[in-house]
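Structural overview
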Amino acid sequence: MPLHLRECDNTDLETLVKISKKTFAVAFEKDNNPDDFQSYIQEAFHPSKLAAELANENCLFHFVYDDEVLVGYFKLNIGTAQTDVHDPNALEIERIYVLENHQGKTIGSWMLQQIIFLAKSVSKEFIWLGVWEHNPKAISFYKRHGFTKFDEHPYYIGSDKQTDWLMRLEL
């Protein structure tokens, strides 16, 4: 499978908004209060918010393509853009999503390998992320790839307080 990455820039904003909303909704809408969920989607993936993140040199968005077909994306944070850990030796995976009709093709594993390569290429010592405690499929995926739980933090979908596990991979 000829997968490849392309770093996003401000010309990708419209596509980034669409894929962000779509993948997040498929993953989590069914498990959340509809009002809270819609409020979260509108705020988290608002074009002005994503435009500011794209402009931040410490936020890195990458689209993933299979040939010329967009199949997923990920968002990485370094330095001050990290949401919790704020360690200069760390890289945060804030988002990693594969479109529903491309799941089950090991694209997520390939993406994670690319992220590990990117982290090592900028001399990071570990990768960390937050994953919802009620997402056993994702937790299992990260454990299979060597991530271990090191903490928890609250995560809000609208006004609904949820718990994310914080997991890390030593490089």
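Scroll up to find the structure.
Residues numbered from 1 in each chain as written. Predicted model: local features only at pLDDT ≥ 70, side-chain atom pairs only at ≥ 80, totals over all residues. Heavy atoms only, no water.

**With respect to the packing of aromatic side chains**
Two numbers describe a pair of aromatic rings. These are the distance of the centres and the angle of the planes. Under the defined criterion, the tally for this structure stands at twelve aromatic pairs. The rings of Phe24, Phe28, Phe37, Tyr40, Phe45, Tyr73, Tyr97, Trp132 and Tyr155 are connected pair by pair, giving a single aromatic cluster. One residue, Arg168, lies across the ring of Phe126, its end atom 3.6 Å from the ring centre. Seen from the ring of Phe150, Arg168 lies directly overhead, with NZ or CZ sitting 5.7 Å from the centre. (Phe/Tyr/Trp six-rings, centres within 6.5 Å; stacked < 30°, edge-to-face > 60°. Lys NZ or Arg CZ within 6 Å of the ring centre and 35° of its normal.)

**Some thoughts on the packing of helix H1 (residues 13–28) against helix H2 (residues 34–44)**
Between H1 and H2, the shortest axis-to-axis distance is 11 Å and the interhelical angle comes to 155°. With respect to each other, H1 and H2 are oriented roughly antiparallel. For the pair H1 and H2, the sense of crossing is right-handed. Of the residues in H2, those in contact with Lys21, Phe24, Ala25 and Phe28 of H1 are Phe37, Tyr40, Ile41 and Gln42. Class assignment for the residues of the contact of H1 with H2 results in six nonpolar, one polar and one charged. (Axes fitted to C-alpha atoms, helices over the stretch in contact; angles between N-to-C directions. Helix = DSSP H or I, 4+ residues; strand = E, 2+ residues; numbered from the N terminus. Parallel < 35°, antiparallel > 145°, perpendicular 65-115°, else oblique. Left-handed = near helix turned anticlockwise from the far one by under 90°. Contact = heavy atoms within 4.5 Å. Nonpolar A, V, L, I, M, F, W, Y, C, P; charged D, E, K, R; others polar.)

**Considerations on the side chain of Gln82**
Residue position: Gln82 is located in the loop between strand S3 (69–77) and strand S4 (90–98). A distance of 2.7 Å separates polar atoms of two side chains, one belonging to Gln82 and the other to Trp128. Residues within four places of Gln82 in sequence aside, it is in contact with Asn77, Asp87, Ala90, Leu91, Glu92 and Trp128. (Polar contact = N/O pair within 3.5 Å; in protein donor to acceptor, adjacent residues only side chain to side chain.)

**Some remarks on helix H4 (residues 107–121)**
Taking 1.5 Å of rise per residue, the 15 residues of H4 would be expected to cover 21 Å, and the 21 Å separating its terminal C-alpha atoms lies within 8% of that figure. Positive phi shows up at Ser123, right after H4, with a value of about 60°. (Expected span 1.5 Å × (residues − 1).)

**Focus on H2**
All of the buried residues along H2 are Asp36, Phe37, Tyr40, Ile41 and Ala44. All buried residues of H2 project into a common sector of 130° when viewed along the axis, lining one side. Turned more than 90 degrees off the buried face of H2, the exposed positions are Pro34, Asp35 and Glu43. The inward-facing, buried residues of H2 contact H1, helix H3 (47–55), S4, strand S6 (148–157) and strand S7 (160–170). Sitting at the amino-terminal end of H2 is Asn33, which places a side-chain oxygen 2.8 Å from the backbone nitrogen of Asp35. (Buried < 20%, exposed > 50% of the residue type's maximum accessible area, 1.4 Å probe, protein only. Arc of directions from axis to C-beta.)

**Quick word on the sheet that holds strand S5 (residues 126–132)**
Spatially, the seven strands line up as an open sheet ordered S1-S2-S3-S4-S5-S7-S6, and their pairing is mixed. Single-partner strands in this sheet number two, and they are strand S1 (3–7) and S6. The mean inter-strand angle of the sheet, taken between neighbouring strand axes irrespective of direction, is 30°. As paired elements, S3 and S4 share six bridges and run antiparallel to each other. Across the sheet, residue Tyr73 finds its bridge partner in S4, namely Tyr97. Sitting on the sheet, H1 touches strand S2 (59–66), S3, S4, S5 and S6, and the angle it makes with S3 is about 90°. (Pairing = 2+ DSSP bridges.)

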